[in-house]
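# Residue-level structure breakdown
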Amino acid sequence: MRAATHRTFQRGRIRPGHMITSQRQPGPRALCGGASQACVAAEGGAPFGNHLAFGLGAQAGNQQYEPLAASVQAALHAAVADQAPLDPSFQRSPERARWLAEMSQRLAKRIPDETARSELLRAVHYEATRAGLDPQLVLGLIQVESGFKKYALSTAGARGYMQVMPFWTKLIGTPDSNLFHMRTNLRFGCTILRHYLDIEKGDLFRALGRYNGSLGRAEYPNLVRGAWENNWSYPSYRLAQNP
């Protein structure tokens, strides 16, 4: 990943190190979201019933349901329904093992439990990669959306690590889809972000705006970009060269 040369996003296609500026749009048309301000999660390790945290000063945008074409809905449903086991390559790839160790060290202050960190990071890498996303981008998005709090809940109702709106479970999931389940949340979040990137023909600025409910405004894309660049940057080509 090359270093960023600008502090704000410049309009263009998604590529690491490339930032984009905003152009005002008619209004947000988001299907998934919850900005960092919209989600303040509990710091402690309370049981599930006491672990939900509600946003203060929420800025999740005007969440609007948008019907999907039948073919798109079927494709997204198939994507989130895939429950393949985690990629075992970390056990046989020295480079991926180094990635896991480095990311685990960076995440240690937020998630002290080493086993929990490893499980989350492996799941992020798997779900991001299968959706065609950079795992480092997804880590940046999770930092902004939920602060790596599994049971984060925004005032708009967005849930979990990637702050997925509940109506997605009815639209492309099943009645028992639990957005507080780690793998389920990551699978939905990565699938939805990939969907938005496809809609926007690879324009990361606009895709992130859709995800957060702030289409056309620069604050949220720049928060994600800043987290990606400053906290989770990693030369992804090294992983690609070591399957």
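Residues numbered from 1 in each chain as written. Predicted model: local features only at pLDDT ≥ 70, side-chain atom pairs only at ≥ 80, totals over all residues. Heavy atoms only, no water.

## Looking at the packing of aromatic side chains
Heads up, the rule is: Within 6.5 Å between ring centres, the rings of Phe, Tyr and Trp (the latter by its six-membered ring) count as paired, and their orientation is classed by plane angle as stacked under 30 degrees, edge-to-face over 60, tilted in between. In this description a helix means any DSSP run of H or I spanning at least four residues, a strand means any run of E spanning at least two, and both kinds are numbered starting from the N terminus. Residue burial is assigned from relative accessible area. The probe radius is 1.4 Å, only protein chains are included, and a residue is buried under 20% of its type maximum, exposed over 50%, and partly exposed in between.
Evaluation of the coordinates by the stated rule reveals three aromatic pairs. With a centroid separation of 5.4 Å and an interplanar angle of 55°, the aromatic rings of Phe148 and Trp232 are classed as tilted. Taken together, the residues Phe148 in the loop between α5 (135–146) and β2 (152–153) and Trp232 in the loop between α9 (219–231) and α10 (236–240) connect sequence positions 84 residues apart. Its relative accessible area of 3% is what places Phe148 among the buried residues. In this structure Trp232 comes out as buried when scored by relative accessible area, which is 2%.

## Section: helix α3 (residues 94–107)
Here is the rule we go by: Expected helix span is computed as 1.5 Å times (number of residues minus one).
Taking 1.5 Å as the rise per residue, α3 with 14 residues should run 20 Å; its terminal C-alpha atoms sit 20 Å apart, in good agreement. Residues of α3 that are buried include every one of Glu95, Arg96, Trp99, Leu100, Met103, Ser104 and Leu107, and no others.

## A closer look at the layout of surface pockets
Short version of the rule: For each structure, a 1 Å grid was placed over the protein atoms alone; sets of points admitting a 1.4 Å probe that cannot get out are labelled cavities, open sets with protein on both sides within 12 Å along at least five of seven lines are labelled pockets, and lining residues have an atom within 4 Å of a point. Grid points are joined across faces, edges and corners, and a volume is the space filled by probe spheres set on the points. Note that Gly is not counted as nonpolar here; it falls among the polar residues with everything else outside the nonpolar set of Ala, Val, Leu, Ile, Met, Phe, Trp, Tyr, Cys and Pro and the charged set of Asp, Glu, Lys and Arg.
In this structure, the second largest pocket occupies an estimated 200 Å³ of space. If you go around the second largest pocket, you meet 15 residues; those closest to its centre are Val80, Gln83, Thr174, Ser177 and Arg187. Listed by contribution, the elements that provide at least two residues to the lining of the second largest pocket are α2 (70–81) and α7 (182–199). Here the lining of the second largest pocket gets four residues from one element, more than from any other, and that element is α7. Considering only residue class, the lining of the second largest pocket consists of four nonpolar, eight polar and three charged.

## Remarks on α9
Let me state the cut-off plainly: We call two residues contacting when some pair of their heavy atoms lies within 4.5 Å.
Its 13 residues give α9 an end-to-end C-alpha distance of 18 Å, which sits within 8% of 18 Å, the value for a rise of 1.5 Å per residue. Among the residues making up α9, those that are buried are Tyr220, Pro221, Asn222, Val224, Arg225, Gly226, Ala227, Trp228 and Glu229. If you follow the buried residues of α9, they end up packed against α5 and α8 (204–212).

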